[in-house]
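Geometric and topological summary
Read off the chains here:
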Amino acid sequence: MANGSSVLSPKLLDPSLFQGERVVQVACANSAAIALTEAGRAYTWGGTYGFGGFGGGGYQQTSAPKLVPGMEDHRVVMVQGGGAALGMLTGDGRVFMFGNGGSGQLGNGQFVQQNTPAAVGGELEGRRVVRFHQSLNTVLAQTEGNDVYVWGNLPYFLRGLVGDQKAPGMGMGMNHGGLFGNSSIQGVPKLVEAFSSHPTEWAQWSLGNQALLALDVKGNLHTLGPHSGHNDSAVSELTHLDAFGGERVVFIANGHLCYYAVTAEGRLYGWGENQDYGCGTGPETGSVRAPTPCPGLDGERVLFVDGSGSHALCACESGSLYRWGYEQEPLAQPTLFQEASRAGSQWAWVAAGPSCSFAVRSARPLRAPAYPVPYPYAGRSGKDATLLPWYPDVAYLCGTGATFFGGGGCAREYVGAVAAGNAGCGGGGGGSG
């Protein structure tokens with residue numbers, strides 16, 4: 001906000017800050033945020049170390065969104081944030097990173113500050129990335145061939161020795177096993193063969209300090225790590241998590257040490273470390289070792305969820321927004337956020353950051369999908385990837401008319417678009433919205 005003060009109730013961000021373009025996704029880093037508009041442009045704001053056009057090195061602050069420079073010739077289709085770095089995926093399948101690269105998360109092997117976006121190369125050069133995920137200091141990218149690459153400061157259950165590049169002055173890394181043996185810092189993208197051999201296309205990824213979640217397009221959730229959700233078992237390879245009563249999982253997310261899954265029936269599950277009530281599973285602190293239904297959502301169907309180190313948010317089909325965790329007061333389970341839910345809106349996206357949270361408003365009622373939406377691209381049987389939004393505020397039918405309307409003389413194209421919505425912002429200093 002302009003005066004840098006806390007905002008404890010939802011406040012609409014003036015659409016003119018985004019040049020009147022509809023916001024479709026928001027992501028948070030430690031002290032900055034990045035938003036994507038449907039025009040394919042990315043905006044950043046907050047306190048940063050030289051992000052984008054906020055100045056040359058050193059700590060910079062901006063109270064209003066500014067267009068990320070250097071991306072004028074690229075259409076951005078996905079944004080991510082984590083630690084002190086931000087990332088973007090472009091329509092031609094390249095990942096651009098900028099910010100602090102001290103943990104290798106920029107993927108360029110340099111471990112230095114990078115104030116303007118640059119494409120990640122190395123083993124990703126010439127490969128089309130269809131989605132990527134960024135956690136605190138780790139980045140994971142999936143190509144259209146379902147190959148998976150990872151770089152940055154790897155959680156110990158992902159660490160290894162393959163092509164390891166360490167920041168200047170660093171030792172050999174901590175001696176943990178995992179997919180790559182003993183290395184903690186991976187400065188350039190490296191293929192993870194154990195993930196790339198999965199027979200079904202991956203749809204979504206979520207990575208925390210104690211677990212990795214991988215959701216395929218059929219709604220099967222696979223997990224890895226100490227908080228994999230397999231009760232007391234620390235799983236050392238991606239393993240199917242069958243813990244949702246036979247329901248398909250359609251959305252996944254994580255906080256610092258908490259993990260979330262939403263099923264096709266709109267049920268929300270949480271697990272992980274619940275010391276600050278981040279799991280949303282109730283007042284019992286300690287470890288929640290298996291996915292547990294979150295109370296307090298009777299009659300609601302959850303669409304989206306996101307978490308941070310201290311709090312979490314979920315949006316429901318009814319237009320209600322719920323929050324939990326440790327804010328002005330501890331909330332042990334999802335609790336209706338009255339101010340946000342009175343706004344008379346449907347929420348099309350939520351992003352929970354360490355110091356602030358965001359919700360993107362939809363102009364139309366949304367419904368939980370029957371299967372995961374593989375944002376932002378879905379493969380089509382060896383054909384080119386097809387751009388998809390999370391939910392059909394904009395619908396695309398791509399290909400020849402015969403593909404959709406049968407053979408004969410019925411060839412025609414169709415593109416449907418929906419009126420623009422707006423973005424809402426929630427409080428700094430521990431508040432959320």
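Residues numbered from 1 in each chain as written. Predicted model: local features only at pLDDT ≥ 70, side-chain atom pairs only at ≥ 80, totals over all residues. Heavy atoms only, no water.

**A closer look at unusual backbone geometry**
Let me state the cut-off plainly: Helix and strand assignments follow DSSP, with helices taken as H or I runs no shorter than four residues and strands as E runs no shorter than two, numbered in order from the N terminus. A 1.4 Å probe rolled over the protein chains alone gives each residue an accessible area, and that area as a share of the maximum for its type sets the label: buried under 20%, exposed over 50%, partly exposed in between.
Cis geometry is found at the peptide bond from Tyr-375 to Pro-376, where omega equals -5°. Position of Pro-376 relative to the elements: it lies in the loop between strand S27 (357–362) and strand S28 (377–380). Phi is positive for Gln-19, close to 55°, though the residue is something other than glycine. As for its placement among the helices and strands, Gln-19 is situated in the loop between strand S1 (11–12) and strand S2 (23–28). Overall, Gln-19 belongs to the exposed group, its relative accessible area being 51%. A positive phi angle is found at Tyr-277, which is not glycine, with a value near 65°. Locating Tyr-277 in the fold gives a position in the loop between strand S20 (268–273) and strand S21 (287–293).

**What about the nonpolar core?**
Here is the rule we go by: Buried residues of nine kinds, namely Ala, Val, Leu, Ile, Met, Phe, Trp, Tyr and Cys, make up a nonpolar core once their side-chain atoms join them within 4.5 Å.
Counting residues in each nonpolar core, the largest one holds 59 residues, and the members touching the most others are Leu-221, Leu-268, Trp-271, Val-305 and Cys-314. Within the second largest apolar cluster, 29 residues are counted, among which are Leu-86, Met-97, Phe-132 and Tyr-149.

**Let's talk about the sheet that holds strand S24 (residues 321–326)**
In a beta sheet, neighbouring strands pair by backbone hydrogen bonds and run either parallel or antiparallel. Note the cut-off: Two strands are counted as paired when DSSP detects at least two bridges linking them. For helices, the fitted line uses only the C-alpha atoms of the stretch in contact; every axis is such a line through C-alpha atoms, and the angle between N-to-C directions lies from 0 to 180 degrees.
One open sheet holds the four strands; their spatial order is S22-S23-S24-S25, and the pairing between them is antiparallel. At either margin of the open sheet sits one strand with a lone partner, and together these are strand S22 (302–307) and strand S25 (330–336). Neighbouring strand axes in the sheet, compared pairwise and without regard to direction, differ in orientation by 10° on average. One ladder, built from five bridges, connects S22 with strand S23 (residues 311–316); its direction is antiparallel. Note that in S23 the partner of Phe-304 across the bridge is Ala-315.

**What to know about the pattern of salt bridges**
So the rule is basically this: In the sections that follow, a salt bridge refers to a side-chain nitrogen of Lys or Arg positioned within 4 Å of a carboxyl oxygen of Asp or Glu.
Evaluated as defined, the whole model comprises eight salt bridges. Residue Arg-22 is joined to Glu-38 by a salt bridge in which the shortest nitrogen-to-oxygen separation is 3.4 Å. On the criterion of sequence distance, the pair formed by Arg-22 in the loop between S1 and S2 and Glu-38 in the loop between strand S3 (32–37) and strand S4 (42–49) is long-range, its members being 16 residues apart. For Arg-22, a relative accessible area of 6% translates into the label buried. Each of Glu-265, Arg-301 and Glu-317 takes part in salt bridges that share partners, so that together they form one network.

**With respect to the side chain of Gln-25**
Rules: Within 3.5 Å is the distance limit for a polar contact, defined as a pair of N or O atoms, with the added protein rule that one can donate a hydrogen and the other accept it, and that residues adjacent in sequence qualify only through two side-chain atoms. By definition, residues are in contact when any of their heavy atoms lie within 4.5 Å.
When you line up the elements, Gln-25 lands in strand S2. Within the local environment of Gln-25, its side chain forms a polar contact with the backbone oxygen of Val-79, the two atoms lying 3.0 Å apart. Polar side-chain contacts of Gln-25 include one of 3.2 Å to the side chain of Tyr-375. Other than its neighbours up to four places away in sequence, Gln-25 contacts Ile-34, Ala-35, Leu-36, Met-78, Val-79, Gln-80, Trp-349 and Tyr-375.

**So, the sheet that holds strand S8 (residues 95–100)**
Within the open sheet, the four strands sit side by side as S6-S7-S8-S9. Their pairing is antiparallel. Edge positions in the open sheet fall to strand S6 (76–82) and strand S9 (113–119), since each of these has one partner strand only. Averaged over all pairs of adjacent strands, the angle between strand axes in this sheet comes to 10°, irrespective of strand direction. Two strands pair when backbone bridges link them, and S8 and S9 are joined in this way by four bridges, in the antiparallel orientation. Across the sheet, residue Gly-99 finds its bridge partner in S9, namely Gln-114.

**A word on the state of the cysteines**
Stated precisely, the cut-off is as follows: When two cysteine sulfur atoms are found within 2.5 Å, that pair is recorded as a disulfide.
Throughout the structure, instances matching the rule amount to zero disulfides. Summary of cysteine pairing: Cys-258 is not part of a disulfide, and the nearest cysteine sulfur, belonging to Cys-279, is at 3.6 Å. We note that Cys-356 lacks a disulfide partner, and the nearest cysteine sulfur, in Cys-28, lies 5.0 Å from it.

**As for the pairing of strand S14 (residues 202–207)**
Of all six residues in S14, six are buried; the element is thus mostly enclosed. Two strands pair when backbone bridges link them, and S14 and strand S15 (residues 212–216) are joined in this way by five bridges, in the antiparallel orientation. Directly across from Trp-202, in S15, lies its bridge partner Asp-216.

**Overview of the confidence of the model for the protein**
Note the threshold: Residue-level confidence of the predictor is summarised by pLDDT, bounded by 0 at the bottom and 100 at the top.
Looking at the protein, pLDDT values average 79 and 76% of them are 70 or higher. The secondary-structure element of the protein with the lowest mean pLDDT is strand S31 (residues 414–417), recorded at 30, while strand S19 (residues 258–263) shows the highest, at 98. Ignoring residues within four places in sequence, the model shows residues 49–58, a span with pLDDT below 50, making 33 contacts including any to other chains. This stretch, residues 379–433, has a pLDDT under 50; its non-local contacts, to residues over four places away or in other chains, come to 129 contacts.

**A word on the packing of aromatic side chains**
The description of an aromatic ring pair rests on the distance of the ring centres and on the angle between the ring planes. The condition that has to hold: Working definition: a ring pair exists when centres of Phe, Tyr or Trp rings (six-membered ring for Trp) sit within 6.5 Å. Plane angles under 30 degrees give stacked, over 60 give edge-to-face, the rest tilted. We call a charge positioned above a ring when the Lys NZ or Arg CZ atom is no farther than 6 Å from the ring centre and deviates by at most 35 degrees from the ring normal.
Counted according to the given criterion, the structure contains 11 aromatic pairs. An angle of 80° between the planes, with centres 5.5 Å apart, marks the rings of Trp-45 and Phe-358 as edge-to-face. Of this pair, Trp-45 sits in strand S4 while Phe-358 sits in strand S27, and the two are 313 residues apart along the sequence. Pair check on accessibility: Trp-45 and Phe-358 agree, each one buried. Geometrically, the ring pair formed by Phe-195 and Trp-205 is tilted, given 5.8 Å between the ring centres and 40° between the ring planes. In this pair, Phe-195 sits in helix H1 (residues 193–196) while Trp-205 sits in strand S14, placing the two residues 10 residues apart along the sequence. Phe-195 gets classed as buried once you look at its relative accessible area, which sits at 2%. On the basis of relative accessibility, which here comes to 7%, the residue Trp-205 falls in the buried class. Here Arg-248 stacks its cationic end above the ring of Tyr-371, 3.9 Å away from the centre of that ring. Arg-323 extends its terminal NZ or CZ atom over the ring of Phe-337, reaching a point 4.0 Å from the ring centre.

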